[in-house]
Amino acid sequence: MANPSPGNSITLRVAAPSSFTATSELAAAVGAAGAAITALDVTESHHETIVVDVTCNTTDDDHAARVKDALNALDGVTVQHVSDRTFLMHLGGKLEVVPKVALRNRDDLSRAYTPGVARVCMAIAEDPAAARNLTVKRNTIAVLTDGSAVLGLGNIGPAAALPVMEGKAALFKQFANVDAWPVCLDTQDTEEIIMIAKAMAPVYGGINLEDIAAPRCFEIENRLREELDIPVFHDDQHGTAIVTLAALVNALRVVDKKLSEVKIVVSGVGAAGSAIIQLLKAQGAQHIIAAGRSGAIHSGEEYSDEHRSWIAANTNEEGFSGTLHDALKGADVFIGVSAPHVIGEEQVASMADDAIVFAMANPTPEIDPVIASKHAAVVATGRSDFPNQINNVLAFPGFFRGLLDAGASDITPNMLVAAAEAIANRVADDELNASYIIPSVFDPHVAADVAAAVAAAAHANAASAL
(Lines give C-alpha, C1' and ligand atoms only; values in the text may rest on other atoms or scores of the structure.)
Protein backbone atom coordinates (compact mmCIF):
# COMPACT_ATOMS: atom_id res chain seq x y z
CA MET A 1 0.00 0.00 0.00
CA ALA A 2 2.81 2.44 0.93
CA ASN A 3 4.39 4.10 -2.08
CA PRO A 4 7.33 6.52 -2.14
CA SER A 5 5.87 9.97 -1.54
CA PRO A 6 7.02 13.61 -1.77
CA GLY A 7 5.92 13.84 1.86
CA ASN A 8 8.92 11.66 2.70
CA SER A 9 11.43 13.26 0.33
CA ILE A 10 15.09 13.32 1.32
CA THR A 11 18.31 14.69 -0.13
CA LEU A 12 21.47 12.68 0.55
CA ARG A 13 24.82 14.42 0.07
CA VAL A 14 27.12 11.69 -1.18
CA ALA A 15 30.87 11.58 -1.80
CA ALA A 16 31.75 9.11 -4.57
CA PRO A 17 34.74 8.21 -6.78
CA SER A 18 34.93 10.47 -9.84
CA SER A 19 34.37 7.69 -12.35
CA PHE A 20 32.29 7.91 -15.53
CA THR A 21 29.68 5.55 -14.03
CA ALA A 22 29.51 7.07 -10.54
CA THR A 23 26.15 8.82 -10.85
CA SER A 24 24.49 5.89 -12.62
CA GLU A 25 25.68 3.57 -9.85
CA LEU A 26 24.22 5.88 -7.22
CA ALA A 27 20.92 6.01 -9.09
CA ALA A 28 20.82 2.23 -9.44
CA ALA A 29 21.45 1.71 -5.71
CA VAL A 30 18.67 4.13 -4.75
CA GLY A 31 16.27 2.47 -7.17
CA ALA A 32 17.17 -1.00 -5.91
CA ALA A 33 16.34 0.20 -2.38
CA GLY A 34 12.82 1.04 -3.57
CA ALA A 35 13.05 4.84 -3.57
CA ALA A 36 12.05 7.13 -6.44
CA ILE A 37 14.78 9.50 -7.59
CA THR A 38 13.59 13.03 -8.40
CA ALA A 39 16.95 14.80 -8.80
CA LEU A 40 20.65 14.01 -9.00
CA ASP A 41 23.02 17.01 -8.90
CA VAL A 42 26.82 17.12 -8.85
CA THR A 43 27.66 19.91 -6.37
CA GLU A 44 31.47 19.48 -6.18
CA SER A 45 34.05 17.92 -8.48
CA HIS A 46 37.66 17.01 -7.58
CA HIS A 47 40.38 14.89 -9.21
CA GLU A 48 39.53 11.77 -7.21
CA THR A 49 35.99 12.38 -5.94
CA ILE A 50 32.71 14.07 -6.67
CA VAL A 51 29.99 15.21 -4.28
CA VAL A 52 26.47 14.46 -5.44
CA ASP A 53 23.09 15.52 -3.99
CA VAL A 54 20.72 12.61 -4.50
CA THR A 55 17.07 13.58 -3.97
CA CYS A 56 14.47 10.84 -3.76
CA ASN A 57 11.04 10.00 -2.40
CA THR A 58 10.78 7.32 0.28
CA THR A 59 7.92 5.75 2.23
CA ASP A 60 9.00 6.53 5.81
CA ASP A 61 12.00 7.13 8.07
CA ASP A 62 12.99 3.46 8.08
CA HIS A 63 12.96 3.40 4.29
CA ALA A 64 15.14 6.53 4.21
CA ALA A 65 17.64 4.77 6.48
CA ARG A 66 17.72 1.79 4.12
CA VAL A 67 18.45 4.07 1.18
CA LYS A 68 21.34 5.62 3.11
CA ASP A 69 22.69 2.16 3.94
CA ALA A 70 22.44 1.08 0.29
CA LEU A 71 24.56 4.03 -0.82
CA ASN A 72 27.12 3.57 1.95
CA ALA A 73 27.49 -0.06 0.86
CA LEU A 74 28.91 0.97 -2.52
CA ASP A 75 32.70 0.87 -2.88
CA GLY A 76 34.26 4.24 -2.15
CA VAL A 77 30.91 5.92 -1.43
CA THR A 78 30.12 7.85 1.77
CA VAL A 79 26.84 9.52 2.67
CA GLN A 80 27.92 12.78 4.31
CA HIS A 81 24.52 14.16 5.26
CA VAL A 82 20.80 13.43 4.93
CA SER A 83 18.27 16.28 4.76
CA ASP A 84 14.55 15.75 5.22
CA ARG A 85 13.00 18.11 2.65
CA THR A 86 9.64 18.26 4.44
CA PHE A 87 11.25 19.44 7.68
CA LEU A 88 13.33 21.95 5.73
CA MET A 89 10.16 23.43 4.23
CA HIS A 90 8.78 23.98 7.73
CA LEU A 91 11.84 25.69 9.23
CA GLY A 92 10.67 29.01 10.64
CA GLY A 93 7.08 28.26 9.66
CA LYS A 94 5.29 28.68 6.34
CA LEU A 95 3.69 32.11 6.82
CA GLU A 96 4.72 35.74 7.21
CA VAL A 97 2.99 39.11 7.53
CA VAL A 98 3.69 41.54 4.69
CA PRO A 99 2.39 45.14 4.72
CA LYS A 100 0.09 46.07 1.82
CA VAL A 101 1.12 49.72 1.99
CA ALA A 102 4.58 51.27 1.67
CA LEU A 103 5.99 53.17 4.64
CA ARG A 104 8.65 55.27 2.89
CA ASN A 105 8.62 58.51 4.85
CA ARG A 106 6.93 60.54 7.59
CA ASP A 107 4.02 61.35 5.31
CA ASP A 108 3.20 57.66 4.86
CA LEU A 109 3.69 56.96 8.56
CA SER A 110 1.38 59.79 9.56
CA ARG A 111 -1.47 58.26 7.56
CA ALA A 112 -0.83 54.56 8.26
CA TYR A 113 -0.25 55.16 11.96
CA THR A 114 -0.46 58.12 14.29
CA PRO A 115 -1.92 60.72 14.02
CA GLY A 116 -3.98 59.84 10.93
CA VAL A 117 -5.05 56.39 12.08
CA ALA A 118 -7.07 57.96 14.92
CA ARG A 119 -9.57 59.34 12.37
CA VAL A 120 -10.15 55.83 11.01
CA CYS A 121 -10.53 54.43 14.53
CA MET A 122 -13.21 56.99 15.33
CA ALA A 123 -15.05 56.27 12.09
CA ILE A 124 -15.26 52.61 13.08
CA ALA A 125 -16.28 53.50 16.66
CA GLU A 126 -19.19 55.49 15.22
CA ASP A 127 -20.08 52.78 12.67
CA PRO A 128 -18.70 49.32 13.58
CA ALA A 129 -19.76 47.94 10.18
CA ALA A 130 -17.09 50.17 8.63
CA ALA A 131 -14.45 47.80 9.98
CA ARG A 132 -15.23 45.47 7.10
CA ASN A 133 -13.94 48.03 4.58
CA LEU A 134 -11.31 49.82 6.64
CA THR A 135 -9.42 46.87 8.21
CA VAL A 136 -8.12 43.41 7.40
CA LYS A 137 -11.51 42.01 8.40
CA ARG A 138 -12.85 42.09 4.83
CA ASN A 139 -10.35 39.47 3.64
CA THR A 140 -9.15 37.66 6.75
CA ILE A 141 -10.30 34.47 8.44
CA ALA A 142 -9.16 32.52 11.49
CA VAL A 143 -8.20 28.87 11.09
CA LEU A 144 -9.13 27.75 14.59
CA THR A 145 -8.34 24.42 16.24
CA ASP A 146 -7.89 22.82 19.63
CA GLY A 147 -5.63 20.10 18.21
CA SER A 148 -7.96 17.30 19.24
CA ALA A 149 -8.46 15.55 15.88
CA VAL A 150 -5.53 16.43 13.63
CA LEU A 151 -5.43 14.67 10.26
CA GLY A 152 -5.09 10.98 11.01
CA LEU A 153 -2.94 11.72 14.04
CA GLY A 154 -5.63 12.20 16.68
CA ASN A 155 -5.41 14.38 19.79
CA ILE A 156 -1.88 15.79 19.51
CA GLY A 157 -2.55 19.23 20.97
CA PRO A 158 -2.36 22.81 19.69
CA ALA A 159 1.41 23.19 19.20
CA ALA A 160 1.66 19.98 17.16
CA ALA A 161 -1.41 21.06 15.16
CA LEU A 162 0.19 24.37 14.16
CA PRO A 163 2.03 23.07 11.05
CA VAL A 164 -1.30 21.85 9.67
CA MET A 165 -3.02 25.16 10.36
CA GLU A 166 -0.13 27.04 8.75
CA GLY A 167 -0.50 24.83 5.69
CA LYS A 168 -4.22 25.49 5.61
CA ALA A 169 -3.59 29.24 5.73
CA ALA A 170 -1.06 28.95 2.90
CA LEU A 171 -3.64 27.13 0.78
CA PHE A 172 -6.23 29.85 1.42
CA LYS A 173 -3.79 32.44 0.12
CA GLN A 174 -2.46 30.39 -2.77
CA PHE A 175 -5.78 29.33 -4.22
CA ALA A 176 -8.20 32.14 -3.33
CA ASN A 177 -6.14 35.12 -2.10
CA VAL A 178 -7.80 34.85 1.31
CA ASP A 179 -5.64 35.97 4.23
CA ALA A 180 -5.90 33.31 6.92
CA TRP A 181 -4.13 32.96 10.24
CA PRO A 182 -3.67 29.92 12.51
CA VAL A 183 -5.34 30.14 15.91
CA CYS A 184 -4.36 27.08 17.97
CA LEU A 185 -6.04 27.11 21.36
CA ASP A 186 -4.55 25.50 24.46
CA THR A 187 -7.92 24.31 25.69
CA GLN A 188 -10.35 21.60 24.74
CA ASP A 189 -13.17 22.93 26.85
CA THR A 190 -16.20 23.68 24.68
CA GLU A 191 -17.26 26.80 26.54
CA GLU A 192 -13.74 28.23 26.59
CA ILE A 193 -13.33 27.67 22.84
CA ILE A 194 -16.65 29.40 22.15
CA MET A 195 -15.75 32.28 24.46
CA ILE A 196 -12.34 32.81 22.85
CA ALA A 197 -13.74 32.62 19.32
CA LYS A 198 -16.38 35.22 20.15
CA ALA A 199 -13.84 37.49 21.82
CA MET A 200 -11.51 37.53 18.82
CA ALA A 201 -14.25 37.70 16.15
CA PRO A 202 -13.97 41.50 15.53
CA VAL A 203 -10.70 40.94 13.65
CA TYR A 204 -12.01 38.31 11.24
CA GLY A 205 -14.49 38.07 8.39
CA GLY A 206 -15.05 34.37 9.09
CA ILE A 207 -13.87 31.41 11.14
CA ASN A 208 -12.74 28.10 9.70
CA LEU A 209 -12.95 25.48 12.43
CA GLU A 210 -10.41 22.73 11.88
CA ASP A 211 -9.49 19.38 13.44
CA ILE A 212 -11.80 19.60 16.45
CA ALA A 213 -13.05 16.21 17.62
CA ALA A 214 -16.67 15.13 17.50
CA PRO A 215 -19.09 15.57 19.15
CA ARG A 216 -17.58 18.78 20.59
CA CYS A 217 -17.15 20.25 17.12
CA PHE A 218 -20.91 20.15 16.48
CA GLU A 219 -21.84 22.25 19.50
CA ILE A 220 -18.99 24.71 18.90
CA GLU A 221 -20.04 25.32 15.31
CA ASN A 222 -23.75 25.55 16.12
CA ARG A 223 -23.24 27.97 18.98
CA LEU A 224 -20.83 30.20 17.08
CA ARG A 225 -23.18 30.35 14.11
CA GLU A 226 -25.98 31.46 16.43
CA GLU A 227 -23.95 33.98 18.39
CA LEU A 228 -21.68 35.58 15.76
CA ASP A 229 -22.45 37.77 12.75
CA ILE A 230 -19.68 36.22 10.62
CA PRO A 231 -19.76 32.83 8.85
CA VAL A 232 -18.41 29.82 10.74
CA PHE A 233 -17.45 26.74 8.73
CA HIS A 234 -16.14 23.43 10.08
CA ASP A 235 -14.06 22.18 7.17
CA ASP A 236 -13.79 18.60 8.42
CA GLN A 237 -17.57 18.44 8.14
CA HIS A 238 -18.67 20.65 5.28
CA GLY A 239 -15.53 20.82 3.15
CA THR A 240 -15.38 17.04 3.08
CA ALA A 241 -19.10 16.82 2.33
CA ILE A 242 -18.88 19.31 -0.55
CA VAL A 243 -16.04 17.52 -2.33
CA THR A 244 -17.55 14.09 -1.67
CA LEU A 245 -20.85 15.16 -3.23
CA ALA A 246 -19.03 16.66 -6.23
CA ALA A 247 -17.07 13.44 -6.78
CA LEU A 248 -20.16 11.27 -6.34
CA VAL A 249 -22.17 13.30 -8.85
CA ASN A 250 -19.53 12.62 -11.48
CA ALA A 251 -18.94 9.01 -10.45
CA LEU A 252 -22.65 8.35 -10.90
CA ARG A 253 -22.40 9.89 -14.36
CA VAL A 254 -19.65 7.40 -15.20
CA VAL A 255 -21.74 4.37 -14.15
CA ASP A 256 -25.05 5.88 -15.34
CA LYS A 257 -26.88 5.66 -12.02
CA LYS A 258 -29.07 8.17 -10.16
CA LEU A 259 -28.39 9.53 -6.68
CA SER A 260 -32.01 9.04 -5.68
CA GLU A 261 -31.91 5.35 -6.58
CA VAL A 262 -28.53 4.06 -5.40
CA LYS A 263 -27.86 2.31 -2.09
CA ILE A 264 -25.13 4.19 -0.23
CA VAL A 265 -23.20 2.81 2.74
CA VAL A 266 -21.24 5.31 4.83
CA SER A 267 -18.53 4.05 7.20
CA GLY A 268 -17.90 6.59 9.94
CA VAL A 269 -20.46 8.73 11.74
CA GLY A 270 -18.22 11.42 13.17
CA ALA A 271 -17.94 14.99 11.90
CA ALA A 272 -17.29 14.14 8.25
CA GLY A 273 -19.71 11.24 8.03
CA SER A 274 -22.59 13.18 9.56
CA ALA A 275 -22.08 16.15 7.24
CA ILE A 276 -21.79 13.94 4.16
CA ILE A 277 -25.04 12.18 5.01
CA GLN A 278 -26.86 15.48 5.57
CA LEU A 279 -25.66 16.92 2.26
CA LEU A 280 -26.46 13.73 0.33
CA LYS A 281 -29.95 13.80 1.81
CA ALA A 282 -30.34 17.46 0.89
CA GLN A 283 -29.39 16.59 -2.70
CA GLY A 284 -31.93 13.77 -2.96
CA ALA A 285 -30.25 10.56 -1.79
CA GLN A 286 -32.94 8.17 -0.55
CA HIS A 287 -31.18 4.96 0.47
CA ILE A 288 -28.36 5.49 2.98
CA ILE A 289 -27.05 3.17 5.68
CA ALA A 290 -24.48 4.61 8.06
CA ALA A 291 -22.25 2.37 10.15
CA GLY A 292 -20.14 3.05 13.21
CA ARG A 293 -17.81 0.72 15.07
CA SER A 294 -20.70 -1.38 16.41
CA GLY A 295 -22.58 -1.69 13.12
CA ALA A 296 -25.40 0.07 11.31
CA ILE A 297 -27.14 3.07 12.84
CA HIS A 298 -30.87 2.34 12.95
CA SER A 299 -34.07 3.61 14.53
CA GLY A 300 -34.44 0.55 16.74
CA GLU A 301 -31.54 1.71 18.89
CA GLU A 302 -31.27 4.70 21.23
CA TYR A 303 -28.20 6.93 20.89
CA SER A 304 -26.81 9.36 23.42
CA ASP A 305 -25.64 11.97 20.91
CA GLU A 306 -28.08 13.97 18.82
CA HIS A 307 -26.20 13.47 15.55
CA ARG A 308 -26.43 9.68 15.63
CA SER A 309 -30.06 10.07 16.66
CA TRP A 310 -30.64 12.26 13.60
CA ILE A 311 -28.92 9.72 11.36
CA ALA A 312 -31.06 6.93 12.84
CA ALA A 313 -34.24 8.91 12.17
CA ASN A 314 -33.31 10.02 8.65
CA THR A 315 -31.54 7.03 7.10
CA ASN A 316 -31.81 3.24 6.92
CA GLU A 317 -35.54 3.22 6.29
CA GLU A 318 -35.62 -0.58 6.34
CA GLY A 319 -34.13 -0.76 9.82
CA PHE A 320 -31.08 -2.83 8.88
CA SER A 321 -29.12 -3.63 12.06
CA GLY A 322 -26.19 -5.72 10.84
CA THR A 323 -22.49 -5.07 10.37
CA LEU A 324 -20.77 -2.79 7.88
CA HIS A 325 -19.72 -5.86 5.90
CA ASP A 326 -23.30 -7.11 5.70
CA ALA A 327 -24.56 -3.66 4.71
CA LEU A 328 -22.27 -3.60 1.69
CA LYS A 329 -23.94 -6.59 0.06
CA GLY A 330 -25.65 -5.22 -3.05
CA ALA A 331 -24.68 -1.62 -2.26
CA ASP A 332 -23.95 0.75 -5.15
CA VAL A 333 -21.73 3.18 -3.23
CA PHE A 334 -19.30 2.91 -0.32
CA ILE A 335 -18.13 6.13 1.35
CA GLY A 336 -15.46 5.67 3.99
CA VAL A 337 -14.46 8.37 6.47
CA SER A 338 -13.46 6.03 9.25
CA ALA A 339 -10.33 3.91 9.70
CA PRO A 340 -7.78 1.84 7.78
CA HIS A 341 -8.65 -1.60 6.43
CA VAL A 342 -12.25 -1.80 7.69
CA ILE A 343 -13.33 -3.60 4.51
CA GLY A 344 -11.63 -6.08 2.21
CA GLU A 345 -11.81 -7.44 -1.31
CA GLU A 346 -14.65 -9.80 -0.38
CA GLN A 347 -16.89 -6.91 0.68
CA VAL A 348 -16.26 -4.89 -2.48
CA ALA A 349 -16.92 -7.99 -4.58
CA SER A 350 -20.29 -8.34 -2.81
CA MET A 351 -21.42 -4.88 -3.93
CA ALA A 352 -23.66 -4.22 -6.92
CA ASP A 353 -22.34 -4.16 -10.48
CA ASP A 354 -20.54 -0.90 -11.39
CA ALA A 355 -19.95 -0.12 -7.74
CA ILE A 356 -18.36 3.10 -6.49
CA VAL A 357 -15.83 3.03 -3.64
CA PHE A 358 -14.67 6.21 -1.90
CA ALA A 359 -12.10 5.05 0.68
CA MET A 360 -11.09 8.37 2.23
CA ALA A 361 -9.43 7.54 5.55
CA ASN A 362 -6.02 9.23 5.60
CA PRO A 363 -3.25 8.36 5.28
CA THR A 364 -4.33 4.69 5.06
CA PRO A 365 -7.71 4.10 3.38
CA GLU A 366 -10.45 1.70 4.39
CA ILE A 367 -9.24 -0.63 1.63
CA ASP A 368 -6.22 -0.67 -0.66
CA PRO A 369 -7.43 1.23 -3.76
CA VAL A 370 -5.70 -1.23 -6.09
CA ILE A 371 -7.62 -4.12 -4.53
CA ALA A 372 -10.89 -2.18 -4.59
CA SER A 373 -10.43 -1.44 -8.30
CA LYS A 374 -10.54 -5.16 -9.08
CA HIS A 375 -14.28 -5.11 -8.46
CA ALA A 376 -15.44 -1.47 -8.31
CA ALA A 377 -16.00 0.62 -11.43
CA VAL A 378 -14.87 3.87 -9.77
CA VAL A 379 -12.45 4.22 -6.85
CA ALA A 380 -11.45 7.42 -5.06
CA THR A 381 -9.31 8.15 -1.99
CA GLY A 382 -8.00 11.09 0.00
CA ARG A 383 -4.45 10.37 -1.17
CA SER A 384 -2.50 12.25 -3.81
CA ASP A 385 -0.74 9.16 -5.19
CA PHE A 386 -3.90 7.58 -6.63
CA PRO A 387 -6.44 8.91 -9.14
CA ASN A 388 -9.53 10.75 -7.93
CA GLN A 389 -8.17 12.47 -4.84
CA ILE A 390 -11.06 13.81 -2.75
CA ASN A 391 -9.31 16.79 -1.21
CA ASN A 392 -10.93 19.59 0.79
CA VAL A 393 -8.64 22.15 -0.83
CA LEU A 394 -11.02 21.99 -3.79
CA ALA A 395 -13.69 23.52 -1.57
CA PHE A 396 -12.61 25.67 1.35
CA PRO A 397 -10.52 28.42 -0.35
CA GLY A 398 -13.17 29.24 -2.93
CA PHE A 399 -15.96 28.78 -0.41
CA PHE A 400 -14.57 31.44 1.91
CA ARG A 401 -13.67 33.66 -1.04
CA GLY A 402 -17.35 33.61 -1.99
CA LEU A 403 -18.51 34.26 1.58
CA LEU A 404 -16.17 37.23 1.96
CA ASP A 405 -17.03 38.66 -1.45
CA ALA A 406 -20.74 38.47 -0.67
CA GLY A 407 -20.36 39.79 2.88
CA ALA A 408 -22.27 36.73 4.04
CA SER A 409 -22.97 36.25 7.74
CA ASP A 410 -24.35 32.72 7.58
CA ILE A 411 -23.88 29.45 5.69
CA THR A 412 -26.82 27.57 4.21
CA PRO A 413 -27.24 24.13 2.58
CA ASN A 414 -27.80 25.68 -0.85
CA MET A 415 -24.33 27.26 -0.62
CA LEU A 416 -22.82 23.83 0.04
CA VAL A 417 -24.68 22.30 -2.89
CA ALA A 418 -23.72 25.22 -5.15
CA ALA A 419 -20.05 24.69 -4.26
CA ALA A 420 -20.29 20.95 -4.98
CA GLU A 421 -21.93 21.56 -8.35
CA ALA A 422 -19.26 24.10 -9.29
CA ILE A 423 -16.51 21.57 -8.53
CA ALA A 424 -18.28 18.76 -10.39
CA ASN A 425 -18.83 20.97 -13.43
CA ARG A 426 -15.09 21.58 -13.77
CA VAL A 427 -14.88 18.06 -15.24
CA ALA A 428 -16.18 18.37 -18.81
CA ASP A 429 -18.11 15.58 -20.52
CA ASP A 430 -15.17 14.79 -22.81
CA GLU A 431 -12.81 14.55 -19.79
CA LEU A 432 -14.97 12.38 -17.54
CA ASN A 433 -13.88 8.79 -16.96
CA ALA A 434 -13.45 6.34 -14.08
CA SER A 435 -10.03 7.77 -13.23
CA TYR A 436 -11.02 11.43 -13.55
CA ILE A 437 -14.21 12.28 -11.68
CA ILE A 438 -12.85 15.28 -9.77
CA PRO A 439 -10.68 18.18 -10.96
CA SER A 440 -7.10 18.65 -9.88
CA VAL A 441 -6.48 20.82 -6.83
CA PHE A 442 -4.23 22.86 -9.13
CA ASP A 443 -6.99 23.60 -11.63
CA PRO A 444 -6.81 27.42 -11.59
CA HIS A 445 -10.54 27.79 -12.24
CA VAL A 446 -11.89 25.73 -9.33
CA ALA A 447 -11.62 28.31 -6.53
CA ALA A 448 -13.05 31.09 -8.71
CA ASP A 449 -15.96 28.91 -9.83
CA VAL A 450 -16.74 27.87 -6.26
CA ALA A 451 -16.49 31.48 -5.05
CA ALA A 452 -18.86 32.70 -7.74
CA ALA A 453 -21.37 29.93 -6.99
CA VAL A 454 -21.27 30.54 -3.23
CA ALA A 455 -21.56 34.32 -3.63
CA ALA A 456 -24.53 33.87 -5.98
CA ALA A 457 -26.23 31.57 -3.47
CA ALA A 458 -25.56 34.05 -0.67
CA HIS A 459 -27.05 36.92 -2.70
CA ALA A 460 -30.08 34.75 -3.53
CA ASN A 461 -30.56 34.01 0.17
CA ALA A 462 -30.37 37.71 1.00
CA ALA A 463 -32.85 38.58 -1.72
CA SER A 464 -35.35 35.96 -0.58
CA ALA A 465 -35.12 37.26 2.99
CA LEU A 466 -36.26 40.74 1.95
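Just so we're clear, the structure is a prediction, and the values are computed from it rather than from any experiment.

**Some remarks on the overall build of the protein chain**
Looking only at helices and strands, the protein chain has 18 helices and 14 strands in total. Relative to its length of 466 residues, the protein chain is compact, with a C-alpha radius of gyration of 25 Å against a globular reference of 23 Å. The principal-axis extent of the C-alpha atoms belonging to the protein chain is close to 80 × 75 × 45 Å. When each of the 466 residues of the protein chain is scored for burial, the buried share is 46%. Long-range contacts, defined as pairs at least 24 residues apart, comprise 67% of the intrachain contacts of the protein chain with a sequence gap of at least 6. With the model as given, the accessible surface of the protein chain reaches about 22,300 Å², and the carbon-plus-sulfur share is 53%. Of the side chains in the protein chain, 31 bear a positive and 57 a negative charge, and the two mean positions are spaced by 6 Å.

**Topic: the sheet that holds strand 10 (residues 287-292)**
One open sheet accounts for 6 strands, arranged 11-10-9-12-13-14; its pairing is mixed. Every other strand in the sheet has two partners, leaving strand 11 (295-296) and strand 14 (378-381) as the edge strands with one partner each. Helix 10 (residues 235-255) contacts strand 9 (263-267), strand 12 (333-336), strand 13 (356-359) and strand 14 of the sheet and is inclined by roughly 155° relative to strand 13. The sheet strands contacting helix 11 (residues 271-282) are strand 9, strand 10 and strand 12, and the helix crosses strand 10 at an angle near 175°.

**Some details on the sheet that holds strand 5 (residues 140-145)**
Strand order across the open sheet formed by 4 strands is 6-5-7-8, with parallel pairing between neighbours. Edge positions in the sheet fall to strand 6 (179-184) and strand 8 (232-234), since each of these pairs with one other strand and no more. Taken over all neighbouring pairs, the strand axes of this sheet differ in orientation by 25° on average, direction set aside. Sheet topology places strand 7 (residues 206-209) next to strand 8; 3 bridges connect them, and they run parallel. Looking at strand 8, one finds that I207 is bridged to V232. Along the sheet, helix 7 (residues 158-176) makes contact with strand 5, strand 6 and strand 7, crossing strand 6 at roughly 170°. Where helix 16 (residues 396-406) meets the sheet, its contacts fall on strand 5, strand 7 and strand 8, and the angle it forms with strand 7 comes to roughly 160°.

**Section: the nonpolar core**
Formed by 76 residues in total, the largest nonpolar core has its most connected members in I264, F358 and F399. Of the residues forming this core, the biggest block, 10 residues, is contributed by helix 10. Beyond its immediate sequence surroundings of up to four residues, I264 is in contact with L248, L259, L280, A285, H287, I288, I289, V333 and I335. In this structure, A197, F218, L228 and I230 belong to the second largest nonpolar core, which totals 21 residues.

**A look at the side chain of R216**
The topology assignment puts R216 in helix 9 (residues 216-227). Reaching out from R216, the side chain makes a polar contact with the side chain of S148 at a distance of 3.0 Å. Leave out the neighbours within four places in its chain, and R216 touches D146, S148, Q188, T190 and I193.

**Quick look at unusual backbone geometry**
Glycine aside, negative phi is the norm for most residues, and most peptide bonds take the trans geometry. With an omega of 10°, the peptide bond running from T114 to P115 counts as cis. Following the sequence through the fold, P115 ends up in the loop between helix 4 (106-112) and helix 5 (117-126). Backbone torsion omega between N362 and P363 reads 5°, so that peptide bond is classified as cis. Here P363 shows up in the loop between strand 13 and helix 15 (369-372). Despite not being glycine, N177 shows a phi value in the positive range, around 55°. For N177, a relative accessible area of 45% corresponds to the partly exposed category. Of note in this structure, H341 is not a glycine but carries a positive phi near 55°. Looking at the element boundaries, H341 is found in the loop between strand 12 and helix 14 (345-349).

**Regarding the pairing of strand 12**
What you see with strand 12 is no split at all: V333 and I335 on one side and F334 and G336 on the other are buried throughout. Bridge analysis of strand 9 against strand 12 gives 4 bridges, and the strand direction is parallel. Bridge pairing links V266 to I335 in strand 12.

**Describing helix 12 (residues 306-314)**
For helix 12, the set of buried residues is H307, I311 and A312. Down the axis of helix 12, the smallest arc covering the buried residues is 140°, so these residues share one side. Exposed and oriented more than 90 degrees from the buried face of helix 12 are E306 and A313. Capping the start of helix 12 is the job of one residue whose side-chain oxygen sits 2.9 Å from the backbone nitrogen of H307: D305.

**Some points on the pattern of salt bridges**
By the definition in use, this model includes 22 salt bridges. Between R13 and D53 there is a salt bridge whose closest N-O contact spans 2.8 Å. Highlighted residues: R13 in strand 1 (residues 5-17) and D53 in strand 3 (residues 49-58), separated in sequence by 40 residues. Across the pair D108 and R104 runs a salt bridge whose closest N-O atoms are separated by 2.9 Å.

Calculation criteria
- Residues numbered from 1 in each chain as written.
- Predicted model: local features only at pLDDT ≥ 70, side-chain atom pairs only at ≥ 80, totals over all residues.
- Heavy atoms only, no water.
- Helix = DSSP H or I, 4+ residues; strand = E, 2+ residues; numbered from the N terminus.
- Rg over C-alpha atoms; globule rule 2.2 N^0.38 Å.
- Buried < 20%, exposed > 50% of the residue type's maximum accessible area, 1.4 Å probe, protein only.
- Contact = heavy atoms within 4.5 Å.
- Areas by Shrake-Rupley, 256 points an atom, 1.4 Å probe, with all protein chains shown as cover.
- Lys, Arg positive; Asp, Glu negative; His and termini not counted.
- Charge placed at Lys NZ, Arg CZ, Asp CG, Glu CD.
- Pairing = 2+ DSSP bridges.
- Axes fitted to C-alpha atoms, helices over the stretch in contact; angles between N-to-C directions.
- Core = buried A, V, L, I, M, F, W, Y, C linked by side-chain atoms within 4.5 Å.
- Polar contact = N/O pair within 3.5 Å; in protein donor to acceptor, adjacent residues only side chain to side chain.
- Arc of directions from axis to C-beta.
- Salt bridge = Lys/Arg side-chain N within 4 Å of Asp/Glu carboxyl O.

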